[in-house]
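# Breakdown of the fold
Take a look at the letters that make up each chain.
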Amino acid sequence: EPEVTQTPSHQVTQMGQEVILRCVPISNHLYFYWYRQILGQKVEFLVSFYNNEISEKSEIFDDQFSVERPDGSNFTLKIRSTKLEDSAMYFCASSDVASGDKYFGPGTRLLVL
Amino acid sequence: QKEVEQDPGPLSVPEGAIVSLNCTYSNSAFQYFMWYRQYSRKGPELLMYTYSSGNKEDGRFTAQVDKSSKYISLFIRDSQPSDSATYLCAMSARGGSEKLVFGKGTKLTVNP
């Protein structure tokens, strides 16, 4: 069964450093998303991406965040200058057009020290 | 009032029990309702997807939506130890690619 994959599974970084989280969505899906889950809190929407542009973003997704689809398979989330409060599990998801069912990857656990 | 509220539990039941999980919401625009299951250290996995009010059944799982009360439920019949996970409700107004708003999740343990 096709699945969303994410790398790395864990990332530790120093405050102020840039990180890039990578995702490979399901191959025939056209919509891509990033969500995050701070420990003990809700899963929160960050951004959705379609046709090579952002279609929706939350107030969390400020200028420190950016997304890119650098090739036909990868979808990345970049955090330019990480803060302590960026420590969270980051989930990538994808969906096709017809059903909109969102399939989530296993997540990248980001720890900012 | 929070947009989506879900009792975080934890909830512990014996194997074979009927489990009832619930969420309430405040945004009357929500029309699409989902239940996700999340095992430890994994991403959310879509279990059930319901549009508007009514019931939907899939094997041992039944999802109910009562839009008049802004209340959704997931029932698990004949619960199994493999059902032990965190269950997240999620919803959106327009469905499709629109963002999901999640509840906090209820941690369920089914004891053999």
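For the structure itself, consult the block above.
Here's a quick rundown of the structure. (Residues numbered from 1 in each chain as written. Chains lettered and ligands numbered in written order. Predicted model: local features only at pLDDT ≥ 70, side-chain atom pairs only at ≥ 80, totals over all residues. Heavy atoms only, no water.)

With 19 residues of chain B at the contact, the number on the chain A side is 18 residues. Across the chain B to chain A interface the summed buried area is about 1600 Å²; carbon plus sulfur atoms make up 56%. Considering only the side of chain B, the residues that lose the most area to chain A are Ser97(B), Lys99(B) and Phe102(B), jointly responsible for 30% of the buried surface there. At the junction of chain B with chain A, the criterion picks out six residue pairs in polar contact (both at pLDDT 80 or more). Looking at the side of chain B that touches chain A, the elements that each hand over two or more residues are β4 (32-38) and β5 (45-51) of chain B. Of the residues contributing to the side of chain B that touches chain A, the split by class is eight nonpolar, five polar and six charged. (Contact = heavy atoms within 4.5 Å. Buried area = accessible area lost by both parts, 1.4 Å probe. Polar contact = N/O pair within 3.5 Å; in protein donor to acceptor, adjacent residues only side chain to side chain. Helix = DSSP H or I, 4+ residues; strand = E, 2+ residues; numbered from the N terminus. Nonpolar A, V, L, I, M, F, W, Y, C, P; charged D, E, K, R; others polar.)

This part is about the state of the cysteines. Residue and element names in this part refer to chain A. As enumerated under the stated definition, the model contains two disulfides over all chains in all. Disulfide pairing is shown between Cys-23 and Cys-92; the S-S distance is 1.9 Å. The sign of the -65° torsion about the S-S bond sets the Cys-23-Cys-92 disulfide as left-handed. A residue pair is termed long-range when its members are at least 10 positions apart, and Cys-23 in strand β3 (residues 19-24) and Cys-92 in strand β9 (residues 88-95) qualify at 69 residues. Judged by its relative accessible area of 0%, Cys-92 is buried. (Disulfide = S-S within 2.5 Å. Buried < 20%, exposed > 50% of the residue type's maximum accessible area, 1.4 Å probe, protein only.)

All names here are of chain A. Evaluation of the coordinates by the stated rule reveals five salt bridges over all chains. Between Arg-36 and Glu-44 there is a salt bridge; the shortest N-O distance is 3.3 Å. Taking relative accessible area as the criterion, Arg-36 reaches 9% and is therefore assigned buried. Residue Glu-44 is classed as partly exposed on the basis of its relative accessible area, which comes to 24%. (Salt bridge = Lys/Arg side-chain N within 4 Å of Asp/Glu carboxyl O.)

All names here are of chain B. In spatial order, the strands read β1-β3-β8-β7-β6; together these five strands make up an open sheet with antiparallel pairing. Every other strand in the sheet has two partners, leaving β1 (4-6) and β6 (54-58) as the edge strands with one partner each. Strand-to-strand twist across the sheet, computed as the mean angle between neighbouring axes with direction ignored, equals 15°. Sheet topology note: the strand β7 (residues 61-66)/strand β8 (residues 71-76) ladder contains six bridges and is antiparallel. Bridge pairing in β8 links Phe-61 to Ile-76. (Pairing = 2+ DSSP bridges. Axes fitted to C-alpha atoms, helices over the stretch in contact; angles between N-to-C directions.)

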